[in-house]
Amino acid sequence: MATDADAEFSALVERQSRFAFRVAYAVLLNSSDAEDAVQETFLKLYRNRGWKQAKNERAYLARVVWRIALDLKRHLSRLSSGSSDSIQVETYPSGWPNPEEELESSNKHADVHALIDSLSEDFRVPLVLSTFDELNSREIGEILGIPEGTVRTRLQRARELLRQKLISLRETRYA
Amino acid sequence: MPDRDNLDEMIDAALESYANPRPGLERRMLARISGGAATSSRWRRLFVAIAAPLIGSLLLMAYLAPRISHVATTQVAVAPTPSSTSHVESTPGRLPASRSASRVHERHARRLPDRVRYNIVQRPKLDIFPSPKPLSYAEKAVIRFAREAPEGDRKALVTPDPELTEPIRITAIHIPPLPSSEEDTN
């Protein structure tokens, strides 16, 4: 990557990789699959240089990575349903400690992460996208192809569901 | 509602740390993308290496094919010797009787390359076999003589010469005996 365009692209990757990963993870709920989706996204962007024409770089990137993640999810579900003896890749929900994280004794948000993972995709993806300050309800709606009002409703509903689940979790724990 | 506020804070804090990738994501992405881009460019180079000569040769063939066939037909027209002629006339006895047979001939002719393509001319099948041939010069002369010559000459031509028809008489050969050897010695 020696040219100016390549340097620009490297800067984009440095700038947006984590964001793209979060979007992909919100759909796929698997770190390695999410990385594959991010890689596919950046390869696509590298080939067509589409991000240069985008008005909102982050929204454009989110739309691309979301679509690629959805395609990958469909593909993976077809594979898993097609072959019963396929190798099962061990997945770790965001909040659940994997072998690396297990060493870290304190994971304060593990319960909430697990609850976010348990939300349906319609609620989970807008919720994850809304955590980034630059993306408002209108932009999230454009990315997901839904009206702005629907985004707001889904965000409220997602938060409400999380609250209810957390309360019931606490009640069962401290009962 | 202190409990609700506490829950909201908890959710917000959890969302901030939700889906955090493993450290070094950017470096991994750049490495994988440059690897993927190199692979795709390698495939592109391979494709170009195969496709370019193929397309070039096809274009060359398309350019040269009409010229070659034109040269071939010209050569045939200049030198129509029996061995190299492009026109082969099929004999009436060998003509295909059905239409399907003629189609086979056409297909066969189409399959041959331009350089050796024959133009098969079909002639109608004749009722008389063998086919009538024009009279020779001697035959025509005899007919003219029979029409124009006086009757005596015509009869003389038809009537055989008695001298020629009579059998040849050969006189007996007489060989006198040779004198004996005793008379010679005496």
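It should be emphasised that the depicted structure is a prediction, and the values quoted were computed from it without experimental measurement.

Regarding the nonpolar core
Residues and elements named next belong to chain A.
Inference 1: Membership of the largest hydrophobic core comes to 61 residues, with the highest contact counts inside it found for Phe9, Phe19, Val38, Phe42, Leu45, Leu129 and Leu144.
Inference 2: For this core, the leading source of residues is helix α1 (residues 4-28), giving 12 residues.
Inference 3: What Phe19 contacts, discounting residues up to four positions off in sequence, is Arg58, Leu61, Ala62, Leu129, Phe132 and Leu135.

Quick notes on the interface of chain A and chain B
Inference 1: Facing the 37 residues of chain A at the interface are 29 residues of chain B.
Inference 2: For the pairing of chain A and chain B, the buried interface totals around 3,300 Å² over both sides, and the portion due to carbon and sulfur atoms is 61%.
Inference 3: Broken down residue by residue, the surface that chain A buries against chain B is led by A:Arg18, A:Arg22 and A:Glu35, which jointly contribute 19%.
Inference 4: Linking chain A to chain B there are 6 salt bridges.
Inference 5: Counting the contacts that link chain A with chain B gives 12 residue pairs in polar contact (both at pLDDT 80 or more).
Inference 6: For the side of chain A that touches chain B, the elements supplying multiple residues, two or more each, are α1, α2 (31-48), α5 (110-118), α6 (121-130) and α8 (148-174) of chain A.
Inference 7: By residue number, the principal contributor to the side of chain A that touches chain B is α1(A), which donates 9 residues.

Focus: the side chain of A:Arg124
Inference 1: As for its placement among the helices and strands, A:Arg124 is situated in helix α6.
Inference 2: Looking at A:Arg124, its side chain comes within polar contact range of the main-chain oxygen of A:Leu119, at 2.6 Å.
Inference 3: When neighbours within four sequence positions are excluded, A:Arg124 is seen to be in contact with A:Ala26, A:Val27, A:Leu29, A:Ile116, A:Asp117, A:Leu119 and B:Tyr18.

As for the packing of α5(A) against α8(A)
Residues and elements named next belong to chain A.
Inference 1: Two numbers describe how α5 lies on α8: the axes approach to 10 Å, and their chain directions differ by 130°. Taken as axis vectors, α5 and α8 run oblique relative to one another. Between α5 and α8 the crossing geometry is right-handed. On the side of α5, the interface is formed by Asp111, Val112, Leu115, Ile116 and Ser118, while α8 contributes Leu162, Lys165, Leu166, Leu169 and Arg173.
Inference 2: By residue class, the composition of the contact of α5 with α8 is 6 nonpolar, 1 polar and 3 charged.

Details of the side chain of A:Arg163
Inference 1: As for its placement among the helices and strands, A:Arg163 is situated in helix α8.
Inference 2: Classification of A:Arg163 as buried rests on a relative accessible area of 14%.

With respect to a nonpolar patch on the surface
Inference 1: Where nonpolar side chains cluster on the molecular surface, the patch consists of B:Leu54, B:Ile55, B:Leu58, B:Leu59 and B:Met61 and spans about 550 Å² of accessible area.
Inference 2: Topologically, B:Leu58 is positioned in helix α2 (residues 25-78).

Quick look at the pattern of salt bridges
Inference 1: Counted according to the given criterion, the structure contains 14 salt bridges over all chains.
Inference 2: Here A:Arg163 and B:Asp8 are joined by a salt bridge, their closest N and O atoms 2.7 Å apart. Of this pair, A:Arg163 sits in helix α8 while B:Asp8 sits in helix α1 (residues 2-16), on two different chains.
Inference 3: Given a relative accessible area of 22%, B:Asp8 falls into the partly exposed group.
Inference 4: For the salt bridge of B:Glu151 with B:Lys155, the shortest nitrogen-to-oxygen distance reads 3.7 Å. Taken together, the residues span about one helical turn, with B:Glu151 and B:Lys155 both in helix α5 (residues 151-158) at a distance of 4 residues.
Inference 5: Its relative accessible area of 52% is what places B:Glu151 among the exposed residues.

Conventions adopted
- Residues numbered from 1 in each chain as written.
- Chains lettered and ligands numbered in written order.
- Predicted model: local features only at pLDDT ≥ 70, side-chain atom pairs only at ≥ 80, totals over all residues.
- Heavy atoms only, no water.
- Core = buried A, V, L, I, M, F, W, Y, C linked by side-chain atoms within 4.5 Å.
- Buried < 20%, exposed > 50% of the residue type's maximum accessible area, 1.4 Å probe, protein only.
- Helix = DSSP H or I, 4+ residues; strand = E, 2+ residues; numbered from the N terminus.
- Contact = heavy atoms within 4.5 Å.
- Buried area = accessible area lost by both parts, 1.4 Å probe.
- Salt bridge = Lys/Arg side-chain N within 4 Å of Asp/Glu carboxyl O.
- Polar contact = N/O pair within 3.5 Å; in protein donor to acceptor, adjacent residues only side chain to side chain.
- Axes fitted to C-alpha atoms, helices over the stretch in contact; angles between N-to-C directions.
- Parallel < 35°, antiparallel > 145°, perpendicular 65-115°, else oblique.
- Left-handed = near helix turned anticlockwise from the far one by under 90°.
- Nonpolar A, V, L, I, M, F, W, Y, C, P; charged D, E, K, R; others polar.
- Patch = residues over 30% accessible without salt bridge, like charges linked within 9 Å, V, L, I, M, F, W, Y side chains within 5 Å.
- Areas by Shrake-Rupley, 256 points an atom, 1.4 Å probe, with all protein chains shown as cover.

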